[in-house]
Amino acid sequence: MPPMARTPLSGDFGFLIGPVRWLLLIAGIAIVLVVWSIGFNYGSSYYLCLPMAVVPFAGYLLLRRSARAYRARARVARRWGGIAPTDRKEMELSDLERYFESFVEPRQVSIDSRTWKDLGLSRLYEEMDSCYSVAGRNELYTLLRCPLPDPATVTERDRTIAVLRTDGSFRVRLLSELALLDDHPGRDCAALISEESAPRDPLQPLFALLGLSAAASVCAPVFLGLGTGFLLLFAVFGLNMWVYYRKARHISSYIPALRSLDAIVRQAIRVCRLNPPEPLGRIEELRPLVAQLLPLARTFRWILTGSSAGVASLSGDVAESILMYIKIFFQIDLIVFGHLSRGVERRRVELKALYRAMGRLDALQAIASYRERRKLDTEPLPGEELALNLEGVYHPLVADAIANSVAISHPGALITGTNMAGKSTFLRTVGLNVVLAQTIGACFAASYRAGRFLVMSSIEKADNLGTGKSFYYDEAERIFRMIEQVGSEVPVLLLIDELLSGTNSIEREGASVAILRYLSQRHALTIAATHDVSIARRVEELYTPFCFTDHADAGGLRFDYRMRPGIVRSRNAIRLLALIGYPQDLVNEALREAGTELDDADRPGG
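To keep things clear, this report deals only with the structure shown in the data block. (Residues numbered from 1 in each chain as written. Predicted model: local features only at pLDDT ≥ 70, side-chain atom pairs only at ≥ 80, totals over all residues. Heavy atoms only, no water.)

Overview of the sheet that holds strand β5 (residues 447–450)
Next up, step 1: With respect to topology, four strands assemble into an open sheet ordered β1-β5-β2-β3, the strand pairing being mixed. Of all the strands in the sheet, the pair left with one neighbour each is β1 (381–382) and β3 (404–409).
Next up, step 2: As defined by bridge partners, strand β2 (residues 387–393) adjoins β3 across five bridges and the pair is classed as antiparallel. Bridging across to β3, Asn 389 finds its partner in Ala 407.
Next up, step 3: Against the sheet, helix α17 (residues 423–439) makes contact with β2, β3 and β5, and its axis sits at roughly 105 degrees relative to β2, the strand it touches most. (Pairing = 2+ DSSP bridges. Helix = DSSP H or I, 4+ residues; strand = E, 2+ residues; numbered from the N terminus. Contact = heavy atoms within 4.5 Å. Axes fitted to C-alpha atoms, helices over the stretch in contact; angles between N-to-C directions.)

What follows is the structure in structure tokens.
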């Protein structure tokens, strides 16, 4: 499918909204000042002209949303097919994992944290993350962690991505709504809607009483006279402000999350009004949820304005500052907070579903944008259940990566080669592309045909100082987790680098051969890498052998990073000693111990 070019804001005069808006505000203030001065100097009858200021003030308020919409469209046009701004706050992996554990069903098949780290999926996630909201970033992480989506989800994902890449008009309209969501991790509402009970305040009846007192005090000057009436009014205002700021400290930590939730509900309503060129499941999923949440959405309209602690700012919007003091006087925020807490608790299931649906829409647009930027149009094709056929596959995060082709069937393949020849990178290349093919519907290869797998890996190895476990013990436990997993009905792709390399060679070889033979009889496709050719020879009848070779010259070892069939036969690691200048008798002894001899033609300078 040919990608669609970016949609510029050609013919859009939205850039005039900002200047016109401020001109209207200045005009309104000028009318008030002029009419007030005329009335003061020439007569009170001139004050009757003050209502004329309502027109520019009303225009100023009406253009507020138009200005936001234009900024959103400009932001969408800049970001599509590009990378996210570098100045935004990055998501912590611990926060993403916490969301994943709270929102994803335990029975859903997912990539474990070890494999996520081994494959470098965090870097891939960061490169792909051009989401407009925290919900989108959470769902993008969840999508990459769950590599076995059901067929209906795959179909809907591919349809949505195709529409976003080909229909520029709909894309701009949808993304302009998503761009108004909150993307600051510190204001995420996921924790609020996943808690068992919402925060409540036992003083809710008092807030209602103080609000009624404020309403009554407004009428006091009419019935009690100006002096007494205004004195009472100011007394009530002072009391309500004191109560408000005393309680605002307790509820302020919840306000950012509530405002973020308000934005999600509000924008979901607007997204439902869009008319996509064809029905999209995520938007259709939103419609019944929005219908159930409309009463709560109306309550959200009274949400706290100004800063999260309810303090007016000179740099803030004038209208918002005025509205904030009105809310303080009538205790509106404290009253509404109680209603919202009860509403969130009653509608927790619907809010979680809405959050995830909006987040998934945002995640899919980020995937579509990533595929546009990387020109990813290779669509994975289904293959045999335990087989991989990859042509021209390469690592997306390695600069000037070398592409390789490989065909592997059950039980798998064993790759040999010296250190730094490319074995570990190839394992990561295969793992990353399998995950991408199954999650975003595209991969970094000329062609891809394979079954569907849960990917598990054991690539990066180190002593676990936190638990006091040795290098060998930690790896042995990891291999055991793999053996447990291959007993399930889910096909597993196992990527193992240097089996049991933390122990002596005799035991390592025996245990490694036994493990590989055991895995060959299970529901798994195993790709293992080793520099120990004796292991490769002992399982050659089961596992297809491949190798990465090297060449030794005066500059050291040279690698071409191309995979070839067979078991590696070079002894270049020892020849490198001679090139460095090691004593010749030491080099010859090393070669004899390794089972070969140095011919005259192989000698440096020979």
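Topic: a nonpolar patch on the surface
Next up, step 1: Where nonpolar side chains cluster on the molecular surface, the patch consists of Leu 203, Leu 206 and Leu 209 and spans about 250 Å² of accessible area.
Next up, step 2: Within the secondary structure, Leu 209 is located in helix α10 (residues 204–224). (Patch = residues over 30% accessible without salt bridge, like charges linked within 9 Å, V, L, I, M, F, W, Y side chains within 5 Å. Areas by Shrake-Rupley, 256 points an atom, 1.4 Å probe, with all protein chains shown as cover. Salt bridge = Lys/Arg side-chain N within 4 Å of Asp/Glu carboxyl O.)

A look at the packing of helix α3 (residues 93–103) against helix α6 (residues 134–145)
Next up, step 1: One can describe the packing of α3 onto α6 by two numbers: an axis separation of 9 Å at closest approach and a directional angle of 75 degrees. Relative to α6, α3 is oriented roughly perpendicular. Contact residues: Leu 93, Leu 96, Glu 97, Tyr 99 and Phe 100 in α3; Arg 137, Asn 138, Glu 139, Tyr 141, Thr 142 and Arg 145 in α6.
Next up, step 2: Partitioning the contact of α3 with α6 into residue classes produces five nonpolar, two polar and four charged. (Parallel < 35°, antiparallel > 145°, perpendicular 65-115°, else oblique. Nonpolar A, V, L, I, M, F, W, Y, C, P; charged D, E, K, R; others polar.)

Considering the nonpolar core
Next up, step 1: Judged by nonpolar contacts, the single largest core of 124 residues is most densely connected at Tyr 355, Leu 388 and Leu 493.
Next up, step 2: Per-element accounting of this core gives the leading share, twelve residues, to helix α16 (residues 348–374).
Next up, step 3: Core analysis: the second largest hydrophobic core is formed by 24 residues, Leu 414, Met 456, Val 486 and Val 513 among them. (Core = buried A, V, L, I, M, F, W, Y, C linked by side-chain atoms within 4.5 Å. Buried < 20%, exposed > 50% of the residue type's maximum accessible area, 1.4 Å probe, protein only.)

Regarding the pairing of strand β6 (residues 454–458)
Within a regular strand, side chains alternate between the sheet's two faces.
Next up, step 1: Burial runs high along β6: five of the five residues are buried.
Next up, step 2: Neither face of β6 is left uncovered, since the one carrying Leu 454, Met 456 and Ser 458 and the one carrying Val 455 and Ser 457 both have all their residues buried.
Next up, step 3: With five bridges connecting them, β6 and strand β7 (residues 492–497) associate as parallel partners. Its bridge partner being in β7, Met 456 is matched across the sheet by Leu 494.

Considerations on helix α8 (residues 168–178)
Next up, step 1: The buried fraction of α8 amounts to nine of the eleven residues, a majority that puts the element mostly inside the structure.
Next up, step 2: Looking only at α8, the buried set comprises Gly 168, Phe 170, Arg 171, Val 172, Leu 174, Leu 175, Ser 176, Glu 177 and Leu 178.

Looking at the side chain of Glu 498
Next up, step 1: Looking at the element boundaries, Glu 498 is found in the loop between β7 and α19 (505–519).
Next up, step 2: For the buried Glu 498, which has no salt bridge, the nearest side chain bearing the opposite charge is Lys 423, at an N-O separation of 4.1 Å.
Next up, step 3: Among the polar contacts made by the side chain of Glu 498, one reaches the side chain of Thr 530 at a distance of 3.5 Å.
Next up, step 4: Those residues in contact with Glu 498, other than ones at most four positions away along the chain, are Asn 419, Lys 423, Lys 461, Glu 475, Ala 529, Thr 530 and His 531. (Lys, Arg positive; Asp, Glu negative; His and termini not counted. Polar contact = N/O pair within 3.5 Å; in protein donor to acceptor, adjacent residues only side chain to side chain.)

Quick word on unusual backbone geometry
Next up, step 1: The omega angle of the peptide bond from His 410 to Pro 411 is 10 degrees, so this bond is cis rather than trans.
Next up, step 2: Tracing the backbone through its elements, the reader meets Pro 411 in the loop between β3 and β4 (412–416).
Next up, step 3: Even without being a glycine, Glu 498 presents a positive backbone phi close to 55 degrees.
Next up, step 4: Under the relative-accessibility criterion, Glu 498 is labelled buried at 12%.
Next up, step 5: A positive phi angle, near 60 degrees, is found at Tyr 561, a position not held by glycine.

With respect to the pattern of salt bridges
Next up, step 1: Here the structure, examined in full by the defined rule, presents 27 salt bridges.
Next up, step 2: Arg 159 is the salt-bridge partner of Glu 278, the closest N and O atoms lying 3.3 Å from each other. With a gap of 119 residues between them, Glu 278 in the loop between α12 (255–272) and α13 (281–300) and Arg 159 in helix α7 (residues 151–166) connect regions that are remote in the sequence.

Quick notes on the environment of Ile 515
Next up, step 1: Position of Ile 515 relative to the elements: it lies in helix α19.
Next up, step 2: Sequence separation between Ile 515 and Phe 480 is 35 residues, and the spatial gap between their C-alpha atoms is 9.7 Å.
Next up, step 3: Once you skip the residues sitting within four places of it in the chain, Ile 515 turns out to touch Ile 479, Leu 499 and Leu 500.

Some thoughts on the packing of aromatic side chains
Next up, step 1: Taken as a whole and assessed by the stated rule, the structure comprises 13 aromatic pairs.
Next up, step 2: The interplanar angle of 50 degrees and the centroid separation of 6.1 Å between the aromatic rings of Tyr 254 and Phe 337 together place this pair among those described as tilted. Highlighted residues: Tyr 254 in the loop between α11 (226–251) and α12 and Phe 337 in helix α15 (residues 332–346), separated in sequence by 83 residues.
Next up, step 3: The exposure class assigned to Phe 337 is buried, which follows from its relative accessible area of 6%.
Next up, step 4: A cation over a ring is seen here: Lys 352 above Phe 103, with NZ or CZ 5.1 Å from the ring centre.
Next up, step 5: Against the face of Tyr 518 rests Arg 522, its NZ or CZ located 3.8 Å from the ring centre. (Phe/Tyr/Trp six-rings, centres within 6.5 Å; stacked < 30°, edge-to-face > 60°. Lys NZ or Arg CZ within 6 Å of the ring centre and 35° of its normal.)

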